[in-house]
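Topology and contacts: notes
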Amino acid sequence: MRVLHHPILGDETRKIDATIIVDGRKIPAIEGEPIAATLLSAGIKKFRETQKNHKPRGIFCAIGRCTDCVMTVDGIPNVRTCVTPVKDGMIISTQKGLGEWGGKK
Amino acid sequence: MKTTDIAVIGAGPAGLSCAVEAAKSGARVTVLDENLKPGGQLFKQIHKFFGSREHRAGIRGFRIGQQLLEATERLDVQVLLDAAVYGIYEDRLIAYITDGRDHTIKAKKIVLATGASENALAFPGCTLPGVMGAGAAQTMINVNRVLPGKKIIMVGSGNVGLIVSYQLMQAGADVVALIEAAPKIGGYGVHAGKIRRAGVPIYTSTTIKEVLGEEKVEGVITASLDEKWQHIEDTEKRFEADTVCLAVGLSPLTELAWMAGCEFTFIPPLGGHVPIHDRNMESTLTGVYIAGDITGVEEASSAMEEGRLAGVACAESLGYYNEKQALALKNEIWDRLDALRTGPFGEGRFTAKLKQLEARRQLA
Ligand SMILES: Cc1cc2nc3c(=O)[nH]c(=O)nc-3n(C[C@H](O)[C@H](O)[C@H](O)COP(=O)(O)OP(=O)(O)OC[C@H]3O[C@@H](n4cnc5c(N)ncnc54)[C@H](O)[C@@H]3O)c2cc1C
Ligand code: FES
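Residues numbered from 1 in each chain as written. Chains lettered and ligands numbered in written order. Predicted model: local features only at pLDDT ≥ 70, side-chain atom pairs only at ≥ 80, totals over all residues. Heavy atoms only, no water.

What follows is about the pairing of strand S6 (residues 76-80) of chain A. All names here are of chain A. Both strand S5 (residues 70-73) and S6 contribute to a ladder of 3 bridges, which runs antiparallel. The residue of S6 that forms the bridge with Met 71 is Val 79. Joining the antiparallel neighbours S5 and S6 is a turn of 2 residues, in which Asp 74 adopts a positive phi near 50°. (Pairing = 2+ DSSP bridges. Helix = DSSP H or I, 4+ residues; strand = E, 2+ residues; numbered from the N terminus.)

A word on the side chain of B:Asp293. Residues and elements named next belong to chain B. Relative to the helices and strands, Asp 293 is located in the loop between strand S19 (288-290) and helix H7 (300-317). One buried charge, Asp 293, has no salt-bridge partner; the nearest side chain with opposite charge is Arg 349, at 8.6 Å. From its side chain, Asp 293 meets the backbone nitrogen of Glu 298 in a polar contact 3.3 Å long. Among residues more than four places away in sequence, those in contact with Asp 293 are Gly 115, Ala 116, Pro 252, Glu 298 and Glu 299. (Buried < 20%, exposed > 50% of the residue type's maximum accessible area, 1.4 Å probe, protein only. Lys, Arg positive; Asp, Glu negative; His and termini not counted. Salt bridge = Lys/Arg side-chain N within 4 Å of Asp/Glu carboxyl O. Polar contact = N/O pair within 3.5 Å; in protein donor to acceptor, adjacent residues only side chain to side chain. Contact = heavy atoms within 4.5 Å.)

Counting 46 residues, the largest nonpolar core has A:Ile59, A:Ile92, B:Met154, B:Leu168 and B:Cys245 as its most contacted members. Beyond its immediate sequence surroundings of up to four residues, B:Leu168 is in contact with B:Ala137, B:Ile141, B:Leu147, B:Pro148, B:Ile152, B:Met154, B:Ala173, B:Val175 and B:Cys245. In terms of nonpolar packing, the next biggest core, distinct from the first, is built from 38 residues, B:Leu16, B:Val29, B:Met281 and B:Ile333 among them. (Core = buried A, V, L, I, M, F, W, Y, C linked by side-chain atoms within 4.5 Å.)

Time to look at the site of ligand 1. The full set close to ligand 1 counts 32 residues, and B:Asp33, B:Asn35, B:Gln41, B:Gln138 and B:Asp293 are the nearest of them. Ligand 1 sits at a junction of chains, with neighbouring residues supplied by chains A and B. Contacts to ligand 1 include B:Glu34, whose backbone N or O atom sits 3.2 Å from a nitrogen atom. In the environment of ligand 1, an oxygen atom lies 2.9 Å from a nitrogen or oxygen atom belonging to the backbone of B:Gln41. (Near = heavy atom within 4 Å.)

Each partner contributes to the interface: chain B provides 39 residues, whereas chain A provides 32 residues. Note on chain B versus chain A: buried area summed over both sides is about 3,000 Å², and carbon and sulfur give 61% of it. Across the chain B-chain A interface, the total number found is 3 salt bridges. Two residues, A:Arg65 and B:Glu34, come together in a salt bridge whose shortest N-O distance is 2.7 Å. Put simply, chain B and chain A have 10 residue pairs in polar contact (both at pLDDT 80 or more) between them. (Buried area = accessible area lost by both parts, 1.4 Å probe.)

Below is the structure:
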């Protein structure tokens with residue numbers, strides 16, 4: 001959910017101006033915001049599954065430190081989505097384990 | 001290869017204040033930060049700062065950030081963004097990556113102002129999506145304007161836990177409860193009062209027993225603790241929640257200081273292992289200074305003062321200030337730092353910082 005009105009920060013002035021594709025689904029986004037922010041705005045909380053036990057993980061630190069939020073972005077695995085800005089048309093997938101390069105092992 | 005007088009690593013409140021102070025003396029300053037925007041944790045701090053007027057109390061964190069950025073521009077400080085520093089080599093050679101490529105810069109003085117990162121807490125369900133640092137939630141709501149969830153349980157009643165709870169409400173979330181393992185609230189009474197008045201129950205001597213959910217957080221079970229911090233049977237409470245925020249302290253980000261070869265000391269109230277420094281913020285390596293949360297976790301006001309101190313000291317050792325000029329400036333900063341480290345909350349930090357200086361003296 002986006003914060004459109006705020007008592008200190010005022011009203012949101014940015015506009016939805018991009019679309020990213022997450023696991024095949026189109027999600028409206030703001031160019032330049034972190035990918036993780038777009039996902040949370042759409043209610044997506046699970047970003048990846050762990051290698052051995054396939055457990056779900058989402059963001060933890062949101063400042064690029066913990067690597068819990070990594071996903072496969074445009075064919076590149078292990079991209080920290082909390083510090084990687086959205087570009088229109090990005091293709092993103094929930095990362096399984098260590099991920100795959102360009103969709104291949 | 002690029003060269004500079006002073007390279008500051010980290011563009012948070014400590015690094016930016018350091019850069020501004022050093023640049024005022026005429027020194028050439030380069031700041032490197034791995035983020036795409038400068039400011040570190042400052043732009044998410046939308047609350048008014050405490051302290052006296054000299055500490056810019058009453059001004060909100062993000063405004064202080066804007067002022068610092070304006071000053072860096074006015075003083076021609078070079079700020080390199082998307083510059084993740086990964087190594088410091090002999091003769092103060094710094095290696096960093098920008099846009100996926102390697103770069104180096106050589107500096108006469110280096111200031112490490114890399115900040116801190118949030119601590120985690122272990123309990124069943126602690127890795128479920130929806131369990132996150134309180135600062136992470138703060139980043140999402142105040143910088144990215146996105147709510148991480150609607151019903152929040154906050155763990156930890158220090159100032160970060162109290163402030164972020166209030167900010168989550170300002171952003172439109174419902175803070176279901178704030179729990180604290182200790183018998184008393186950790187942060188300022190003013191902050192606690194604000195969230196209590198807004199209707200958030202605060203449970204002390206309480207911890208998380210379990211977070212429920214398969215794919216994400218769906219609920220939280222808490223339990224009361226006795227004087228020995230053990231669960232008391234039959235005190236479980238169940239809360240509906242989709243987010244658990246952990247405000248259980250920060251640890252200094254010291255990798256670069258370890259790598260460079262700075263000597264450390266262990267002071268738990270400062271966040272654990274911290275690099276040793278002297279009154280000028282110089283580490284045990286000549287020409288390598290430290291400032292802000294990396295020297296021990298405090299808050300933004302003291303980070304800025306430590307940054308200024310390091311800035312003046314670097315400028316002095318490069319000859320941009322004579323001893324007299326530098327001492328006058330440093331005296332003012334030391335006084336302000338002492339003032340920030342008084343009162344029931346500051347005193348512990350004051351004693352801890354004395355220990356850190358004592359460790360330096362023992363080495364010498
Ligand atoms: C998420 C978060 C929220 C916080 N919220 C509050 C709050 O509300 N109130 C409060 O009093 N305190 C808060 N704190 C504590 C906060 O750390 C201090 O208030 C203050 O920001 C510390 O300043 P600093 O300059 O030392 O570090 P920071 O502000 O953390 O700045 C350090 C900068 O260095 C950069 N950096 C680190 N390593 C490298 C590297 N290798 N290469 C390049 N750049 C690097 C970082 O990305 C960052 O931009 C928060 C801390 C965090 C982590
Ligand atoms: S959430 Fe920690 S690196 Fe992205």
